Amino acid sequence: VAYPIVNLRGWGGPLQYVRTLEQAMLKTLADYGITAGLINGLTGVWVDQNEKIGAIGVKISRGVSHHGLALNVNTDLDFYRYIVPCGVSDKGVTSAKTLLGESLELDAVAYTFHYHFGRLMGFRMAEKDTSVLELLDS
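Every value quoted in this text rests on a predicted model; they were computed, and no experiment measured them. (Residues numbered from 1 in each chain as written. Predicted model: local features only at pLDDT ≥ 70, side-chain atom pairs only at ≥ 80, totals over all residues. Heavy atoms only, no water.)

**Focus on the nonpolar core**
1) Next: Counting 24 residues, the largest nonpolar core has Tyr 17, Met 25, Leu 69, Leu 71, Phe 113 and Phe 117 as the members making the most contacts within it.
2) Next: Counting residues per element, the ones that place at least two in this core are helix 1 (14-31), strand 2 (42-47), strand 3 (51-61), strand 4 (64-71) and helix 3 (106-121).
3) Next: The element best represented in this core is helix 1, accounting for 7 residues.
4) Next: Beyond its immediate chain neighbours, meaning those up to four positions away, Phe 117 contacts Pro 4, Val 6, Tyr 17, Leu 21, Ala 24 and Phe 123. (Core = buried A, V, L, I, M, F, W, Y, C linked by side-chain atoms within 4.5 Å. Buried < 20%, exposed > 50% of the residue type's maximum accessible area, 1.4 Å probe, protein only. Helix = DSSP H or I, 4+ residues; strand = E, 2+ residues; numbered from the N terminus. Contact = heavy atoms within 4.5 Å.)

Here you go:
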């Protein structure tokens, strides 16, 4: 799950932002050998045009994005038996783990997604030493 909080004023608008989130998920999945795509008229990322692997639900208030996306990496898909994801009843749901037959390291997938998201948004990405944050927390 990623909930980017981004000032979108002057950036390109809500639709372009949603399309950018989709592209970041597509590029992340491609880095793991998963071919995914889009379906005209439906938001999100799909495998074989019939199984959703990435969902998007954003809110933009005063030009700032809230909420975000869910990319099914190692997701337990059993829970989807009880819901209709995103109101789409004629399509299924899948995960990277299901497609690849093995779990992926979530930190690595998150890093890959952050990289693609930052590049697509035009951000300059920089590594930070998180030990400083750990010191503040204690």
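**Considering empty space enclosed by the protein**
1) Next: Within the structure shown, the criterion is met by 2 cavities of 30 Å³ or more.
2) Next: Counted as a void, the largest cavity has a volume near 50 Å³.
3) Next: Thr 28, Leu 29, Tyr 32, Ile 34, Leu 71, Asn 72, Val 73, Ala 96, Leu 104 and Val 109 together form the lining of the largest cavity.
4) Next: Residues belonging to the lining of the largest cavity are distributed by class as follows: 8 nonpolar, 2 polar and no charged.
5) Next: Of the voids in this model, the second largest cavity is the one considered here, and its volume is about 40 Å³.
6) Next: As for the second largest cavity, its lining consists of Trp 46, Lys 52, Pro 85, Val 88, Lys 91, Gly 92 and Val 93. (1 Å grid on protein atoms, 1.4 Å probe; cavity = no way out; pocket = protein on both sides within 12 Å on 5 of 7 lines; lining within 4 Å. Points joined across faces, edges and corners; volume = space filled by probe spheres on them. Nonpolar A, V, L, I, M, F, W, Y, C, P; charged D, E, K, R; others polar.)

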